[in-house]
Amino acid sequence: MAELEIMKYSIADENEFLLSPADRVVDDWPMMSNPAPVLLLTGFYLYFVLSLGPKLMEHRKPFDLKYVMIVYNFCQVVFSAWLCSKLFSSFSVLTYIYTHACSPMPRHNNPMIILLNTASWWYFMSKVVELLDTLFFVLRKKQNQVTVLHVYHHAIMVISTWGYLKYARGEQGIIPGFLNSVVHVIMYSYYLLAALGPRVQKYLWWKKYLTKLQLGQFVLILLYLSTMIILDCQVPRGLTLYMSFNTFIFLILFINFYKKSYSKGTKPSLMNTCHLQPINSNEKND
């Protein structure tokens, strides 16, 4: 009986050791202690961009946010580039990803766990900051661009990245996050140039290729996640399936957007400060 009690204690102690150290660190970080902050933020975001914001702007002139958007897009470029650099911060990081992407080390002796958690938290915060994309639409009275696709994308990414860091960490999220950050460097560079006005906009002929780059991103992520499933990698399968499902939805929606934007007889136009929406020729960044 005593041996059984010792065994139970040892198992419980081991589970506590495996799970708690990293959890306690994350729990102490801003917005990570419980789901209330992120749910309240997402709820207020939905309420503001779909109801309160349009009502407040109904009898107001649109705000001139040209310089705000220039600064915002510049900061997004720098921030996304910094996130990309985290992957190459040391040779040991690349070695770990190459060696353990399919078979991660146990968390209690994983030298990369704090670094990966830290990078994941900053990635989560980047999705929080990107909610401003929709806020700019509302304040500039571009409510026609606050579509289901746009709002769904921003809201689901905030919730998903929080849930990933809090409950379902997995090495399979590293490469998709890196690819997304790379695309954002190029994407927000485009928006930054577009926000500078007509003198620069005339040189932005590569919008179509930016959309293709985004489509390619989703294809690569789906291939990568499918490989993880085929190889039966020792990572949370539920997370892999969820990421695959969400990526597939984005791929279909972007294909539909691409067809509408570049179908025969459709004149391409500049995109506004959101990677999900085109704008009409009279709705360029100003």
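Residues numbered from 1 in each chain as written. Predicted model: local features only at pLDDT ≥ 70, side-chain atom pairs only at ≥ 80, totals over all residues. Heavy atoms only, no water.

K.L.:
Which parts of the structure should I look at to understand the nonpolar core?
P.N.:
Counting residues in each nonpolar core, the largest one holds 21 residues, and the members touching the most others are Met32, Val49, Trp121 and Phe124. When residues of this core are traced back to their parent elements, those giving at least two are helix 2 (36-57), helix 5 (113-129), helix 6 (132-139) and helix 7 (148-166). Counting 13 residues, the second largest nonpolar core, distinct from the first, contains Leu83, Leu215, Leu222 and Leu251. (Core = buried A, V, L, I, M, F, W, Y, C linked by side-chain atoms within 4.5 Å. Buried < 20%, exposed > 50% of the residue type's maximum accessible area, 1.4 Å probe, protein only. Helix = DSSP H or I, 4+ residues; strand = E, 2+ residues; numbered from the N terminus.)

K.L.:
Any chance you could explain the state of the cysteines here in plain terms?
P.N.:
When the sulfur atoms of two cysteines share a covalent bond, that bond is a disulfide. Here the structure, examined in full by the defined rule, presents 1 disulfide. The disulfide that involves Cys102 links it to Cys233, with 1.9 Å between the sulfurs. Around the S-S axis, the bridge from Cys102 to Cys233 shows a dihedral of about -100° and counts as left-handed. Of this pair, Cys102 sits in the loop between helix 4 (91-100) and helix 5 while Cys233 sits in the loop between helix 10 (207-230) and helix 11 (237-262), placing them 131 residues apart in sequence. (Disulfide = S-S within 2.5 Å.)

K.L.:
Explain a nonpolar patch on the surface here, please?
P.N.:
There is a patch of nonpolar side chains on the surface, built from Val182, Ile186 and Leu213 and spanning about 190 Å² of accessible area. Position of Ile186 among the secondary structure elements: in helix 8 (residues 174-195). Here Ile186 falls in the partly exposed class, since its relative accessible area comes to 34%. (Patch = residues over 30% accessible without salt bridge, like charges linked within 9 Å, V, L, I, M, F, W, Y side chains within 5 Å. Areas by Shrake-Rupley, 256 points an atom, 1.4 Å probe, with all protein chains shown as cover. Salt bridge = Lys/Arg side-chain N within 4 Å of Asp/Glu carboxyl O.)

K.L.:
Where do I start with the packing of helix 3 (residues 66-87) against helix 8 in this structure?
P.N.:
Between helix 3 and helix 8, the shortest axis-to-axis distance is 8 Å and the interhelical angle comes to 155°. Taken as axis vectors, helix 3 and helix 8 run roughly antiparallel relative to one another. Viewed along their axes, helix 3 and helix 8 form a crossing whose handedness is left-handed. Counted together, Lys66, Ile70, Tyr72, Asn73, Phe74, Gln76, Val77, Ser80, Ala81, Leu83, Cys84 and Leu87 of helix 3 and Ile174, Phe178, Ser181, Val182, His184, Val185, Tyr188, Ser189, Tyr191, Leu192 and Ala195 of helix 8 form the full contact between these two elements. (Axes fitted to C-alpha atoms, helices over the stretch in contact; angles between N-to-C directions. Parallel < 35°, antiparallel > 145°, perpendicular 65-115°, else oblique. Left-handed = near helix turned anticlockwise from the far one by under 90°. Contact = heavy atoms within 4.5 Å.)

K.L.:
Could you clarify how one ought to interpret the packing of helix 2 against helix 6 in this entry?
P.N.:
The packing of two helices is summarised by the inter-axis angle and the distance between the axes. Here helix 2 crosses helix 6 at 15°, and the two axes come no closer than 9 Å. Classified by the interaxial angle, the pair formed by helix 2 and helix 6 is roughly parallel. By crossing handedness, the relation of helix 2 to helix 6 is classed as right-handed. Taking contact as the criterion, the partners of Tyr45, Phe48, Val49, Gly53, Pro54 and Met57 in helix 2 are, on helix 6, Thr134, Leu135, Val138 and Leu139. For the contact of helix 2 with helix 6, the per-class residue count stands at 8 nonpolar, 2 polar and no charged. (Nonpolar A, V, L, I, M, F, W, Y, C, P; charged D, E, K, R; others polar.)

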